[in-house]
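# Descriptive structure summary
Given next are the chains, with one letter for each unit.
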Amino acid sequence: MSVLPLVFTSGWASGINAYAVVLLLGVFGATGISDEVPASLQRTDVLVVAGVLFLCEAVADKIPYVDSLWDSVHTVIRPVAGAVVAALLAGQSGSLPELAAGAVGGSTALMSHLVKAGTRMAVNTSPEPFSNIAVSTAEDLGVAGIITFAIFHPLAAAVIAATLLVLGIVILAFLASRIRRFLRRRAQRREEKRLAGTRSHWPPG
């Protein structure tokens, strides 16, 4: 059976939380639950690093504005992680060229990352922090659930991932005005900090 459905699903999930994907796949492989996971993802050092980074993301992802900063840093990391995981899965399976798998995993991860980052900008227009916690928790549970499901039912999981990706893009289009408001606020904050810094260097009158 082709590994393409698992590649697509892991790419979608990597765009949301790449560390959780690496950690879960590594654990599934190390415990013998799945034979599709390459040995490089099962290494103890990889699992430890992925676990620590996952905990860091779990905290940062629930703090307003910190989550958007975290997303900005991971604009490159998540697509690259999605491409690497996809290529490794393809190499383990042998049913799909690694280059093609990397392209699918990386591009899917990029799209889901942009949806996630845009949605967080819209959420950050709300003054209370509880929506960030709720959205982040839902994302963590969603990634864990769909990667686990993909191990046993890869095709069905890929269909779900594709549906969620399209739905996310549609929602993002509706949230465009809130995203623009977030960007304006962030630009205004930067300008205020710049002006405050300039005033602090003025000689006392």
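Residues numbered from 1 in each chain as written. Predicted model: local features only at pLDDT ≥ 70, side-chain atom pairs only at ≥ 80, totals over all residues. Heavy atoms only, no water.

### Looking at unusual backbone geometry
Phi at Y65 takes a positive value of approximately 75°, unusual for a residue other than glycine. Within the element layout of this structure, Y65 appears in the loop between α2 (44-60) and α3 (66-93). Residue class for Y65 comes out partly exposed when judged on its relative accessible area of 26%. (Helix = DSSP H or I, 4+ residues; strand = E, 2+ residues; numbered from the N terminus. Buried < 20%, exposed > 50% of the residue type's maximum accessible area, 1.4 Å probe, protein only.)

### Considering the UniProt feature "transmembrane region" (unreviewed entry) in the protein chain
Within this numbering scheme, the UniProt entry marks residues 12-34 and 151-176 as carrying the feature "transmembrane region" (unreviewed entry). A helix fraction of 83% and a strand fraction of 0% characterise residues 12-34, whose end C-alpha atoms lie 19 Å from each other. (UniProt positions renumbered as here; feature names shortened; annotations may be inferred.)

### A few points about the nonpolar core
The biggest cluster of nonpolar side chains holds 37 residues, and the ones touching the most others in it are V3, V7, W12, L25, V143 and I147. Secondary structure elements with two or more residues in this core: α1 (4-30), α3, α4 (98-123), α5 (130-152), α6 (154-174) and α7 (176-200). Counting residues per element, this core draws most heavily on α1, at eleven residues. (Core = buried A, V, L, I, M, F, W, Y, C linked by side-chain atoms within 4.5 Å.)

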